[in-house]
Protein chains: 2
Amino acid sequence: MRAKEAAERLGITQRMLRHYEKAGLMDIRRSENGYRIYGEADLRRAGRIRDFIETGFSTREIRTMASCLTDDGAGPCEGGIEQLLQKLGHIDRLRADLDARREAVLDRLAMLRDALSNHLEGSESQQVAPDITVPEGTPHGRRPNPAGVESGAARR
Amino acid sequence: MRAKEAAERLGITQRMLRHYEKAGLMDIRRSENGYRIYGEADLRRAGRIRDFIETGFSTREIRTMASCLTDDGAGPCEGGIEQLLQKLGHIDRLRADLDARREAVLDRLAMLRDALSNHLEGSESQQVAPDITVPEGTPHGRRPNPAGVESGAARR
DNA sequence: CAGAACGCTGACATCTATGTCAGGGTTCTG
DNA sequence: CAGAACCCTGACATAGATGTCAGCGTTCTG
């Protein structure tokens, strides 16, 4: 397929697709007229690159773990794992934090709702947020190092 | 504590600490001589900001969810239910975002680990990342669309 | 006290990610 | 065929994260 479709399927702009290429992260085949021709594998690769970038990696870092971009789980993918684990650490810390906060909010919310209904029992009822449905959102529970400041000195 | 110590404990530079401040993400107390004085709560807040940033968020985006940076899940909350619901919305959206990122990372990680073990099956084994343990942290499982090209059109 | 170590501000510099525009082909369609 | 819709390259532009240096006060220590 050509640029437009590829970009659409990936949810990014053609600009970025070219950017990845220029950054040396991919090498797209060209048709005789010079148009880029993306194959499914290219899409997958670009999709991974996109994800890496949206996860906070720079093309520079990604190039470092180029072997982590191919379909075939071949190459050792040196470097990739540690870097990923590190990111995971950041993400998990934030998640834990958000989970805690989320619960606090839910609690408060429930409390208010109770108070409210008890209060306007039988009154004209002002109908403030009538049917509060707790928006589901992945299970949450344990909450280690609540507001953890650190998690391993000397970084980056 | 003062700048140097704070920065060290957070694993970032004083420069960035000032950057967060200038970005309107925190407001650090000053001693009479003008020196910044960081308290534990400031550290926690800065730590979260740091994590958000390293997870790919910009100060601009972070400012948007400023209420997610405080320790107390409590907070002003004046305005009641609407505000709470709104906050809940932010939190959940944030969580969704983090989940996506987290999962992308986990997927890649699992994939890599598999490839790796399959690869050095019985060989002299170079011991690259010997005992990769997926850091526990909220349950995760399904992994549809392995090398997922897409993940929902119109993103961001 | 002198010098080291540290703090502050502001400015300039680099790198990336992205957007957008221009100038100029190529393809598809009514 | 004419115009729309695409594609390409290259350049200029912005924003944000970070680094680093200068010029200048403050603290701590031998």
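Residues numbered from 1 in each chain as written. Chains lettered and ligands numbered in written order. Predicted model: local features only at pLDDT ≥ 70, side-chain atom pairs only at ≥ 80, totals over all residues. Heavy atoms only, no water.

**A few points about the overall build of chain A**
Alright, step 1. If you tally the helices and strands in chain A, you get five helices and two strands.
Alright, step 2. Reading chain A from its N terminus to its C terminus gives the helix and strand order α-α-β-β-α-α-α.
Alright, step 3. The buried share of chain A, reckoned over its 156 residues, is 38%.
Alright, step 4. Partitioning the intrachain contacts of chain A with sequence separation of at least 6 by distance along the chain shows that 53% fall at a separation of at least 24. (Helix = DSSP H or I, 4+ residues; strand = E, 2+ residues; numbered from the N terminus. Buried < 20%, exposed > 50% of the residue type's maximum accessible area, 1.4 Å probe, protein only. Contact = heavy atoms within 4.5 Å.)

**A closer look at the nonpolar core**
Alright, step 1. The biggest cluster of nonpolar side chains holds 28 residues, and the ones touching the most others in it are Leu17, Tyr20, Leu25, Ile49, Phe52, Ile62 and Leu84 of chain A.
Alright, step 2. Residue assignment for this core shows that the elements contributing at least two residues are α1 (3–10), α2 (14–22), α3 (40–54) and α5 (80–119) of chain A together with α5 (81–119) of chain B.
Alright, step 3. Setting aside anything within four residues of it in sequence, one finds Leu17 of chain A in contact with Ala3, Ala6, Ala7, Leu10, Ile12, Tyr38 and Ala46 of chain A. (Core = buried A, V, L, I, M, F, W, Y, C linked by side-chain atoms within 4.5 Å.)

**Quick word on the pattern of salt bridges**
Alright, step 1. Per the counting criterion, the structure on display carries eight salt bridges over all chains.
Alright, step 2. For Glu21 of chain A, the salt bridge goes to Arg30 of chain A, with nearest N and O atoms at 3.7 Å.
Alright, step 3. Its relative accessible area of 41% is what places Arg30 of chain A among the partly exposed residues.
Alright, step 4. Asp51 of chain B serves as the salt-bridge partner of Arg50 of chain B, at 3.2 Å between the closest nitrogen and oxygen.
Alright, step 5. Its relative accessible area of 0% is what places Arg50 of chain B among the buried residues.
Alright, step 6. Shared partners join several salt bridges into a network, and the residues in it are Glu21, Arg30 and Arg36 of chain A. (Salt bridge = Lys/Arg side-chain N within 4 Å of Asp/Glu carboxyl O.)

**A short note on the protein's contact with DNA strand C**
Alright, step 1. Residues in close proximity to DNA strand C total 20 residues, the closest being Arg15, Met16 and Thr59 of chain A together with Lys4 and Arg36 of chain B.
Alright, step 2. Within 4 Å of the protein, the contacting atoms of DNA strand C are drawn from sugar and phosphate to the extent of 73%.
Alright, step 3. Asn33 of chain A has a polar side-chain atom sitting 2.7 Å from a phosphate oxygen of DNA strand C.
Alright, step 4. Interatomic distance of 2.9 Å between a side-chain N/O atom of Arg30 of chain B and a phosphate oxygen of DNA strand C.
Alright, step 5. Listing elements by their share of the surface near DNA strand C, those giving two or more residues are α2 and α4 (59–64) of chain A together with α1 (3–10) and α2 (14–22) of chain B.
Alright, step 6. It is α2 of chain A that contributes the most residues to the surface near DNA strand C, three residues altogether.
Alright, step 7. For the surface near DNA strand C, the residue count by class is five nonpolar, seven polar and eight charged. (Near = heavy atom within 4 Å. Polar contact = N/O pair within 3.5 Å; in protein donor to acceptor, adjacent residues only side chain to side chain. Nonpolar A, V, L, I, M, F, W, Y, C, P; charged D, E, K, R; others polar.)

**Observations regarding the protein's contact with DNA strand D**
Alright, step 1. Residues in contact with DNA strand D amount to 18 residues; listed here are only the nearest, Lys4 and Arg36 of chain A together with Arg15, His19 and Asn33 of chain B.
Alright, step 2. Counted by atom, the contact set of DNA strand D within 4 Å of the protein is 74% sugar and phosphate.
Alright, step 3. A distance of 3.1 Å separates a phosphate oxygen of DNA strand D from a polar side-chain atom of Thr13 of chain B.
Alright, step 4. Of all the secondary structure elements, the ones that give two or more residues to the surface near DNA strand D are α1 and α2 of chain A together with α2 of chain B.
Alright, step 5. The element that contributes the greatest number of residues to the surface near DNA strand D is α2 of chain B, accounting for three residues.
Alright, step 6. Class assignment of the residues belonging to the surface near DNA strand D gives a composition of five nonpolar, seven polar and six charged.

**A look at the packing of aromatic side chains**
All names here are of chain A.
Alright, step 1. A full pass over the atoms with the stated rule returns two aromatic pairs over all chains.
Alright, step 2. Judged by centre distance (5.4 Å) and plane angle (85°), the ring pair of Phe52 and Phe57 falls under edge-to-face. Of the two residues examined, Phe52 and Phe57, each falls in the buried class. (Phe/Tyr/Trp six-rings, centres within 6.5 Å; stacked < 30°, edge-to-face > 60°.)

**Quick look at the confidence of the model for chain A**
Residue and element names in this part refer to chain A.
Alright, step 1. Residues of chain A with pLDDT of at least 70 account for 67%, and the chain-wide mean is 74.
Alright, step 2. When mean pLDDT is compared element by element in chain A, strand β2 (residues 36–37) scores highest at 98, while α5 scores lowest at 73.
Alright, step 3. Taken together, the stretch residues 124–148 has pLDDT below 50 and engages in 42 contacts with residues farther than four places along the chain or on a different chain.
Alright, step 4. Throughout residues 151–156 the model reports pLDDT below 50, and contacts reaching past four residues in sequence, or to other chains, amount to 12 contacts. (pLDDT = per-residue confidence, 0-100.)

**Digging into the packing of α1 of chain B against helix α3 (residues 40–54) of chain B**
Residues and elements named next belong to chain B.
Alright, step 1. Put simply, α1 and α3 touch, their axes get as near as 10 Å, and they point 45° apart. Between α1 and α3, the crossing angle belongs to the class labelled oblique. Here α1 runs over α3; the crossing is right-handed. Facing Ala6, Arg9 and Leu10 of α1, the residues of α3 in contact are Glu40, Leu43, Ala46, Gly47 and Arg50.
Alright, step 2. A per-class count over the contact of α1 with α3 returns four nonpolar, one polar and three charged. (Axes fitted to C-alpha atoms, helices over the stretch in contact; angles between N-to-C directions. Parallel < 35°, antiparallel > 145°, perpendicular 65-115°, else oblique. Left-handed = near helix turned anticlockwise from the far one by under 90°.)

**Some points on α1 of chain A**
All names here are of chain A.
Alright, step 1. Looking at α1, one finds that the buried residues are Ala3, Ala6, Ala7 and Leu10. The buried residues of α1 all sit within an arc of 95° when viewed along its axis, so they share a single face. Pointing more than 90 degrees away from the buried face of α1 are the exposed residues Lys4 and Glu8.
Alright, step 2. Summarising the contacts, the buried residues of α1 are in contact with α2, β2 and α3.
Alright, step 3. At the C-terminal side of α1, Gly11 shows a positive phi close to 75°. (Arc of directions from axis to C-beta.)

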